[in-house]
Amino acid sequence: MKPITLAKAYEPAKYESKIYKRWLASGFFNPDNLNLPADAPTYTIILPPPNITDRLHLGHAAMLAIEDLFIRYKRMSGYRTLWLPGTDHAAIATQTVVEKKLKQEAGKSRHDLGREKFLKKVWEFLKATQAIILKQIETMGASLDWSRLAFTLDEPRQAAVKEMFVRLYEAGLLYRGERIVNWCPHCRSTLADDEVEYREQPAELYTFRYDADFPLAIATTRPETKLGDTAVAVNPADPRYKKFIGQTLRANFCGQELNLKIIADRQVVMDFGTGALGVTPAHALADWQLAEANNLPVVKVIDEHGLIREGFGAFSGLTAVAARQAIVAQLRADGLLEREETISNNLSVCYRCGTAIEPLPSRQWFVAVDKPVAQLNNQSLKQAALAAADMGQITFVPERFTKRYWDWMNNLRDWCISRQIWFGHSLPVWYRGEEIYVGRTAPAENGWTQDSDTLDTWFSSSMWTFSTLGWPDNFADGQKQGDLAKYHPTQLMDTGYEIITLWVSRMIMMSLFATGEIPFATVYLHGMVLDKQGKKMSKSKGNGIDPMAMVKLYGADAVRLSLLIGTTPGTDFRVSEDKIAGYRNFTNKFWNIARFILLNINQPQSDLKPPPGQTLADRWILEELAQTITEVDRQLADYNFSRAGEQLEKFTWDSLADWYLEIAKIEGDKGAILNYCLNTLLKLWHPFMPFMTETIWLQIYGQDKLLMVEAWPTADRPERVATADMAVIKELIVGIRAARSANKLEPAQKVKAVLYAGERQALLQAQAELIKNLRTGIGELAIEASGRPLAEAIYSSVGGIEVYLIAAVDAAKEKLRLEKDFVNLEKFITGLEARLANAEFTAKAPPAIIQQETDKLRRAQSDLAKITERLNKL
RNA sequence: GGUCGCUUGGCUCAGUUGGUUAGAGCGCGCCGUUCACAUCGGCGAGGUCAGUGGUUCGAAUCCACUAGCGACCACCA
């Protein structure tokens, strides 16, 4: 029989892509191909789709590692396991990328090309780019069912989105309304509230009067918008302004006639600025709300390009910033500017391009979240989604995020879903004059034009859990069938905590509406990957670690381990190359453990039961392993994969490699136990480091038997060992090791005999003998072992063994140390003497140095004498 | 302003219902290593668990307050 030997070191690059191909060829990524009983429970994760233009970053890699861990764990545990892959069209992000590219390569904007040609460019670009991220996902070892690959903008998803839109419309949950939206003049698109970022920065606050006769002064950071003021708001309790409330005052503001109604509102802060607020309904959300409450006219000042509209004299056509400067200059010239101060202002900017947001009134489509509908048992989307969390039907991990979800849902406003960009899902909406038609297909008659807007990316994302499983075709007549019946609702949604609001809450609402089901049982929120300094990794900062480069250097398994272990749910964590390199060391260590074990097994068996232990060490390692299995299962059930990994690491490196393998070298003949330990460890580690474990498994057991579908180990052992006994056994093993390094230590040999004996009777006899020979008198203690637990017997019989061992070990250590010191000192002295005897040295060296060396020699000689004395005593 | 989180050895972090001597990895020091592995082994130094007060037989852990840091939400124009 040909012995199985592994290469001396693990070289991941040699095996990884081969192994992945082997997995693909097996077909087991697709749950339909698993040989399972019909009633096997399902376990589904739908992959949060990365943007199709993305390159894999460590955040993706972490997500993949986490999800693959659970998928592989559940697959081995007998679940019908589906992990469904996909990509996101990321409308705005993708369009921005292509626009940038167009500008760089051809110097053109999207408007130069026109809609049709531009979209063609986008699709060409996607075709070229989409394969990259998918390939990178494979590199990480993700066991995704590629046969079900989806894209948020592919044909089936377009149909699903259209269907959803129509159904929402028919249910009365969609409406078209004018509202202040967050407009990005650069992207020329509306942004959702949560796509707006805030930047704290200094801003000039101007205090002025509209004209010389105006009785109140107002304060603003945006004087240019004041051209569109239609009211001044004051606090009703403000004594300064009480008398004006209700009046309408005229003013000539920089040549513009304004009719300003003085209104009262409690939200106006009396001690900010002058306590009087110029109300510009068209260009501030709060002002818009004031206008609605007070029936104020709306005057638009700024257009979609961020320029002052027609009808504002010399200011028309200026950018907002230029107009601001012009107006401030004029106010100053007219002596109307009372104050100018720098305050700290929270500027709203576009999360995509960083341009300052221009609030503008605009016609948009909205999802009504507060309107009760029949489909949700006369609850609103908001109520239904809140109820789902309230009933404990969704578990958030960690639990504290439940509250965040709750707070967000409670404050949710109607969701603006139309976007003024070209790339994305088109709205199934057509207009003819004032008529609106919403339907699955275009109206037959002439004269209708389709809405030119596209849908918010999150609209299609919100349908992800069921659109990927064949909704609506698989939901005819409200009955689930096919994949939807089999795999929905899903078990786990793993995503970053930062999009719990953007995404998770909307998935819950949309799924409840479309299928009546909560889309997932558990939401696992992972933290962000930070760099070594604790900064968020980003391309612009250049502090990102490229996972692909790391895989190349250290292997995918090492990268995975570094992202799984040492992390805590919902908490950001730091990753550095050092950490990855550390786990590369571990993978190599594991490889060599396997290598060593294989050298000690005659004929490896893949389905070995735990063999009976012959010695204490055997029982100890089997018990440790069984406990490790239990612990790993427990931790994984709580999503504490980091701790599961740490437990495994501890067992593998400490218990097995550093202790048991050393004992095995002494005791010999451990084939069966080592075989069992290796098999079990390969299985336990597989979800963490699939490539290496599978590589080893295949090298041992041949190409027909894949580790990825082996059964997950159970915590079996031939004989249960009590925890207290474990402590004692560990002590004995420590004794053996110490005895070994102390060379020939008689009594320790006895301990070794104990270990060989294995039998309790033999053990007790050996102990008795040991104790009899002890000088301390402890030997007088009787061993009354019969009928008592091992540990108790040993403890009662001694302190004996312990005291003895400690004394012996200490003495041995001391002796060893002294001997070592002796040898080293002797060498040192010889060297010094030689140097001092060297004529060249004594001639050329400065006297101070010679003196130093002589002193050293003297000290060393006296130390040596002391050591000799002590050695003689031992 | 509101909410949540964090503060543990030089660094990064664990510490699961409060329980003997607070752990790990990296780093550091010393020693070793042709016999699975230097991508290794052994030994060691290093912590008043941010501070104060409280509850308790017992607190890193629970409570209150204080300080520093971070995130999210809202937003004063």
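The rules behind the values
- All residue numbers here refer to positions counted from 1 along the written sequence of the relevant chain.
- The order in which chains are written sets their letters, starting at A; the order in which ligands are written sets their numbers, starting at 1.
- Where totals are concerned, whole chains, interfaces and linings use all residues; where local detail is concerned, this predicted model gives features only for residues with pLDDT of at least 70, and gives and counts side-chain atom pairs only at 80 or more.
- Side-chain metrics in this entry use all non-hydrogen atoms of the structure; hydrogen atoms and water are not considered.
- Patch building starts from residues that exceed 30% relative accessible area and form no salt bridge, then joins like charges within 9 Å and nonpolar side chains (Val, Leu, Ile, Met, Phe, Trp, Tyr) within 5 Å.
- Every accessible area reported is derived by Shrake-Rupley at a probe size of 1.4 Å, with residue values counting cover from the shown protein chains alone.
- We define a salt bridge as a contact between a side-chain nitrogen of Lys or Arg and a carboxyl oxygen of Asp or Glu at a distance within 4 Å.
- Only four residue types enter the charge count, namely Lys and Arg as positive and Asp and Glu as negative; His and the chain termini do not.
- Charge positions are represented by NZ for Lys, CZ for Arg, CG for Asp and CD for Glu.
- Secondary structure elements follow DSSP: runs of H or I of four or more residues count as helices, runs of E of two or more count as strands, with numbering from the N terminus.
- One requirement defines pairing of two strands: DSSP has to find at least two bridges between them.
- Buried means the residue's accessible area, taken with a 1.4 Å probe over protein chains only, is under 20% of the maximum for its type, while exposed means over 50%, and partly exposed covers the values in between.
- We call a residue near a molecule or strand when any one of its heavy atoms sits within 4 Å of it.
- Think of a polar contact as two N or O atoms within 3.5 Å of one another; within protein, one of them needs to be a possible hydrogen donor and the other a possible acceptor, and neighboring residues in sequence only count if both atoms come from side chains.
- A helix is expected to reach a length of 1.5 Å times the quantity of its residues less one.
- What makes a nonpolar core is a set of buried Ala, Val, Leu, Ile, Met, Phe, Trp, Tyr and Cys residues whose side-chain atoms join them at distances within 4.5 Å.
- The criterion used for residue contact is that any of the two residues' heavy atoms lie within 4.5 Å.
- Every angle, taken between N-to-C directions, lies between 0 and 180 degrees, and every axis is a line fitted to C-alpha atoms, over only the stretch in contact when it is a helix.
- By definition in this entry, angles of less than 35 degrees are roughly parallel, angles greater than 145 are roughly antiparallel, angles of 65 to 115 are roughly perpendicular, and the rest are oblique.
- Note on convention: near helix rotated counterclockwise from far helix by under a right angle means a left-handed crossing. Clockwise means right-handed.
- Residue polarity follows a fixed list, in which Ala, Val, Leu, Ile, Met, Phe, Trp, Tyr, Cys and Pro are nonpolar, Asp, Glu, Lys and Arg are charged, and the others, Gly among them, are polar.

## Here's the deal with a positive patch on the surface
- Together, Lys 108, Lys 117, Lys 120 and Lys 121 line one region of the surface with positive charge.
- Note on placement: Lys 117 falls in helix H5 (residues 115-139).

## So, the sheet that holds strand S18 (residues 429-432)
- Taken in spatial order, the three strands line up as S19-S18-S20 in an open sheet, and their pairing is antiparallel. The strands lining the two open edges of the sheet, one partner per strand, are strand S19 (435-438) and strand S20 (449-450).
- Pairing geometry for S18 and S19, over four bridges, is antiparallel. When the bridges of S19 are listed, Arg 432 appears paired with Glu 435.

## A word on the pairing of strand S10 (residues 248-253)
- Side chains Leu 249, Ala 251 and Phe 253 of S10 all project onto a buried face; the interleaved residues Thr 248, Arg 250 and Asn 252 project onto a face where none is buried.
- In this sheet, strand S11 (residues 256-264) lies alongside S10 in antiparallel orientation, the contact comprising six bridges. Opposite Asn 252, over in S11, you have Glu 257 as the bridge partner.
- Hairpin connection between S10 and S11: a loop of two residues separates the two successive antiparallel strands, and Cys 254 in this loop has a positive phi of roughly 50°.

## Details of the protein's contact with RNA strand B
- Near RNA strand B, the surroundings consist of 33 residues, among which Lys 8, Phe 272, Asn 346, Thr 568 and Trp 653 are the closest.
- For RNA strand B, the fraction of protein-proximal atoms (within 4 Å) that sit in sugar or phosphate groups is 60%.
- At a separation of 3.0 Å, a sugar or linking oxygen of RNA strand B approaches a polar side-chain atom of Asn 585.
- Between Asp 658 and RNA strand B, the recorded distance is 3.4 Å, taken from a side-chain N or O atom to a phosphate oxygen.
- Elements represented by at least two residues in the surface near RNA strand B include exactly strand S8 (217-220), strand S13 (337-350), helix H17 (577-599), helix H18 (616-637) and helix H19 (641-667).

## With respect to helix H1 (residues 12-26)
- Compared with an ideal rise of 1.5 Å per residue, which puts 15 residues at 21 Å, H1 spans 21 Å between its outermost C-alpha atoms and is within 8% of the ideal.
- Backbone geometry just downstream of H1 places Gly 27 in the positive-phi region, at approximately 80°.

## Looking at unusual backbone geometry
- Residue Pro 398 is reached from Val 397 by a cis peptide bond, and omega for that bond is -5°.
- Its location among the elements puts Pro 398 in the loop between strand S15 (395-397) and helix H10 (401-410).
- Here the bond from His 488 into Pro 489 is cis, since omega is 0°, no more than 30 degrees from zero.
- Within the secondary structure layout, Pro 489 lies in the loop between helix H13 (482-487) and strand S22 (490-496).
- Positive phi, normally seen in glycine, also occurs at Ala 90, with a value near 40°.
- Within the fold, Ala 90 resides in the loop between strand S3 (86-87) and helix H3 (91-106).

## Re the nonpolar core
- Counting residues in each nonpolar core, the largest one holds 106 residues, and the members touching the most others are Phe 70, Leu 656 and Trp 685.
- Considering every element that reaches this core, the biggest residue donor is helix H2 (residues 58-76), with 12 residues.
- When near neighbours in sequence (up to four residues on either side) are disregarded, Leu 656 contacts Ile 593, Ile 597, Ile 621, Phe 651, Leu 661, Cys 677 and Leu 681.

## Description of the sheet that holds S11
- In spatial order, the strands read S10-S11-S9-S12; together these four strands make up an open sheet with mixed pairing. Looking at strand neighbours, the two that pair on one side only are S10 and strand S12 (276-279), the edges of this open sheet. Geometrically, the sheet is characterised by an average inter-axis angle of 30° between neighbouring strands, direction not taken into account.
- Taken strand by strand, helix H7 (residues 285-294) contacts strand S9 (231-234), S11 and S12, and its axis lies near 85° from that of S12.

## Re the packing of H19 against helix H20 (residues 671-685)
- Packing of H19 against H20 leaves a shortest axis separation of 11 Å and a crossing angle of 160°. With respect to H20, the element H19 is oriented roughly antiparallel. In this structure, H19 meets H20 at a crossing whose hand is left-handed. Facing H19, whose interface residues are Gly 645, Leu 648, Glu 649, Phe 651, Thr 652, Leu 656, Tyr 660 and Leu 661, H20 presents Ile 673, Leu 674, Cys 677, Leu 681, Leu 684 and Trp 685.
- Looking at the contact of H19 with H20 residue by residue, the classes come out as 11 nonpolar, two polar and one charged.

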